[in-house]
Amino acid sequence: MQTTLTQPPPERPELPDGVDPQPRWPAWYAPAGFGVGLVITFLSIAIVAAATGQTSSDDNNATFTVVATLLQSVAFLGTAILFASFTAPPKPWHFGLKRAPFWPTVGWAALGMVSFYAFSAIYTAAVHPDAKQRVTEELGAGKGTLGLIAAGAMVICIAPVAEELFFRGFFFRALRTRFSLVGAAVIDGLVFGVIHYDFSGAKVLLILPPLAYLGFMFCMVYERTGSLFPTIGMHAFNNTVAFGVQAHGWEVSAVLGPLMIAAVCLAPRFVPARA
């Protein structure tokens, strides 16, 4: 017996009464938000530089670099919240700050990190990149204990939270309204890799593929778990290892790294559940 549908099925299943739906941010929010975030960052840094008399030729500019990095984090987070508010009043879970089953989440996070380190090992063996990032040096990691701690806090604590909220919680989620999972993750990973390019030479381009894959892998784990907490923890773990290697700051990594991992494990308990 054949039946004829008189009405097409709805694009999205209806939610039960009282359930707050996930806002669908248009895909153009992603590039627009990224562009606005860059503009605000450059303007903020220029204002601070003019007010303090800082120039690019100054040798002792670690403090300014720390301030500039903080301004960038605030600019991108503010831009994400601003664009999200155009659709609906933003809430933490809109950006992925929500609970997820603990052990399955740990499993996906571990699988993601193993895949990244495997990719990095294969890429390094094949390409032999002789360039490295200078982020820890620019943040003052080599200028005494205070500089090492400040650089470690920026790299291990602040950067993972700010970058994951913007690139995965906002940028990737906006792209997913138009692109497939793989397509959105590839775009996100490429932009994530490019934003870490420090323009110190053409050789630095050789380290962009692992960074792009890292961003891609974060997107896949976020999509699978539905929570941003595991990607923040993975990001912090990777930065902890990188900071220890690049800045020889294993003492700082040994303290801040476990604190960040503990924070992302405990933080979901204090996040309000989705209505």
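To be clear, the structure that these remarks concern was listed above.
Residues numbered from 1 in each chain as written. Predicted model: local features only at pLDDT ≥ 70, side-chain atom pairs only at ≥ 80, totals over all residues. Heavy atoms only, no water.

Undergrad: What is the right way to look at the overall build of the protein chain in this model?
TA: The helix and strand inventory of the protein chain stands at nine helices and zero strands. Secondary structure elements of the protein chain, listed N to C terminal, follow the sequence α-α-α-α-α-α-α-α-α. Buried residues in the protein chain amount to 42% of all 275 residues. Taking as baseline every contact in the protein chain between residues at least 6 positions apart, the subset at least 24 positions apart corresponds to 78%. Accessible surface, the protein chain as shown: approximately 15,000 Å² in total, 69% of it carbon and sulfur. (Helix = DSSP H or I, 4+ residues; strand = E, 2+ residues; numbered from the N terminus. Buried < 20%, exposed > 50% of the residue type's maximum accessible area, 1.4 Å probe, protein only. Contact = heavy atoms within 4.5 Å. Areas by Shrake-Rupley, 256 points an atom, 1.4 Å probe, with all protein chains shown as cover.)

Undergrad: Even after reading the chapter, I still don't get the packing of aromatic side chains, so can you show me in this structure?
TA: By convention here, two paired aromatic rings are described through the distance between centres and the angle between planes. Across all of its chains, the model carries 24 aromatic pairs by this definition. Relative to Tyr123, the ring of Phe119 lies with its centre 6.2 Å away and its plane at 10 degrees, an arrangement referred to as stacked. Of this pair, Phe119 and Tyr123 both sit in helix α3 (residues 102-127), four residues apart, which is roughly one turn of the helix. With a relative accessible area of 29%, Phe119 lands in the partly exposed category. The ring of Phe192 is capped by Arg168, whose NZ or CZ atom sits 4.5 Å from the centre of that ring. (Phe/Tyr/Trp six-rings, centres within 6.5 Å; stacked < 30°, edge-to-face > 60°. Lys NZ or Arg CZ within 6 Å of the ring centre and 35° of its normal.)

Undergrad: I keep staring at the environment of Val191 and nothing clicks. Help me out?
TA: For Val191, the position within the fold is in helix α6 (residues 181-195). Val191 sits in the buried class, given a relative accessible area of 18%. For the pair formed by Val191 and Phe216, sequence separation is 25 residues and the distance between their alpha carbons is 9.9 Å. Beyond its immediate stretch of four places on either side in the chain, Val191 contacts Phe34, Phe167 and Phe171.

Undergrad: So what exactly am I meant to see when it comes to the pattern of salt bridges here?
TA: Close approach of charged atoms lets side chains of opposite charge pair. Per the counting criterion, the structure on display carries four salt bridges. Residues Asp188 and Arg168 are paired through a salt bridge, measuring 2.7 Å at the closest nitrogen-oxygen approach. Placement of Asp188 in helix α6 and of Arg168 in helix α5 (residues 144-175) is noted, with a sequence separation of 20 residues between them. (Salt bridge = Lys/Arg side-chain N within 4 Å of Asp/Glu carboxyl O.)

Undergrad: Please explain the side chain of Ser73 as it appears in this structure.
TA: Its place among the elements puts Ser73 in helix α2 (residues 62-85). A relative accessible area of 14% places Ser73 in the buried class. Ser73 has contacts with Ile158 and Ala162, leaving out every residue within four places of it along the chain.

Undergrad: Sorry, what's going on with the nonpolar core here?
TA: As a rule of thumb, soluble globular proteins bury nonpolar side chains together. Phe166, Phe170, Met217 and Phe243 are the most contacted members of the largest nonpolar core, which totals 51 residues. Put simply, the parts of the chain that give this core at least two residues each are α1 (29-52), α2, α3, α5, α6, α7 (208-225), α8 (229-246) and α9 (250-266). The leading source of residues in this core is α5, at 13 residues. Ignoring anything within four residues of it in the chain, the contact list for Phe166 reads Gly33, Phe34, Phe76, Ala80 and Phe171. (Core = buried A, V, L, I, M, F, W, Y, C linked by side-chain atoms within 4.5 Å.)

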